[in-house]
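Observations on chain architecture
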Amino acid sequence: MTSIQMLSAGSMVALMFLLAALIPNVPCALSQLGPDMVYGDDPRKPVEVNDELLCEGCHAIFDVVEKKIGGKKRTEDAIYGAMDNICNQENFRVYKMIPPTMKKGCEAFIDRYGEGIEEKMYKLGAEEAEKKVCKKVCKGQPEFEKPPPINSGAQTPPPKKKKKKSKKAKKAKEEF
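Read on for a plain summary of the structure.

Conventions we followed
- Residues numbered from 1 in each chain as written.
- Predicted model: local features only at pLDDT ≥ 70, side-chain atom pairs only at ≥ 80, totals over all residues.
- Heavy atoms only, no water.
- Helix = DSSP H or I, 4+ residues; strand = E, 2+ residues; numbered from the N terminus.
- Buried < 20%, exposed > 50% of the residue type's maximum accessible area, 1.4 Å probe, protein only.
- Expected span 1.5 Å × (residues − 1).
- Polar contact = N/O pair within 3.5 Å; in protein donor to acceptor, adjacent residues only side chain to side chain.
- Salt bridge = Lys/Arg side-chain N within 4 Å of Asp/Glu carboxyl O.

Residues other than glycine seldom take positive phi values, yet Asn85 does so here, at roughly 55 degrees. One can find Asn85 in the loop between helix H4 (76–83) and helix H5 (99–113). Look at Asn85 and you get exposed, because its relative accessible area is 63%.

Further remarks concern helix H3 (residues 51–69). Here H3 is 19 residues long and its end C-alpha atoms lie 27 Å apart, about the 27 Å a rise of 1.5 Å per residue gives. Burial analysis of H3 places 14 of its 19 residues in the buried class, the great majority of the element. At the N-terminal boundary of H3, the capping side chain belongs to Asn50, with an oxygen 3.3 Å from the backbone nitrogen of Glu52. Where H3 terminates, the next one or two residues include Gly70, which has phi positive at roughly 60 degrees.

Here the focus is the environment of Thr75. For Thr75, the position within the fold is in the loop between H3 and H4. For Thr75, a relative accessible area of 31% corresponds to the partly exposed category. Spatially, the C-alpha atoms of Thr75 and Tyr122 are 7.0 Å apart, while their sequence positions differ by 47 residues. Reaching out from Thr75, the side chain makes a polar contact with the backbone nitrogen of Ala78 at a distance of 3.0 Å.

Another point: the pattern of salt bridges. Per the stated rule, a full pass over the model turns up five salt bridges. Linking Lys67 and Asp63 is a salt bridge whose minimum nitrogen-to-oxygen distance equals 3.2 Å. You can see Lys67 and its partner Asp63 sitting in helix H3, four residues apart, about one turn around the helix. Across the pair Lys131 and Glu127 runs a salt bridge whose closest N-O atoms are separated by 3.9 Å. With Lys131 and Glu127 both in helix H7 (residues 126–137) and four residues apart, the pair spans about one turn of that helix. Judged by relative accessible area, which is 59%, Glu127 ranks as exposed.

See the structure below:
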């Protein structure tokens, strides 16, 4: 048994990534490890901008803008401010596709359909603008699944239960 055969599957994957990083232009043998060995999309692979990605990008842009504005007053400045750096990968951590793919979809959407989007958000309101703009892009695509809200890491405490007063406390109250 060789030392390569003694490596676990996880160690083999790590070794392949290490070798691929150290020796550029050498085909990676990860594809030879089997379909269940590689998890997720490779963020380095070329992204095909298709209708599904444009649709996801459209809805995600509206969702991110709403999250950025939050409870603030919906002014033109607030909308334009929320649209600054909208295609940053950090904005797309909770969507259907991985952040690098969502970034490409966002950029492609803005290039193709972004003209006047801020005005539509301001004049029509977020929900109506999203319906109108994304309707064109999402023809034939499955319904967009809005991601769950992200908890900021702090767990909300359970509701406090009302304590029942003891019989002694009730009697003391009655005496006064």
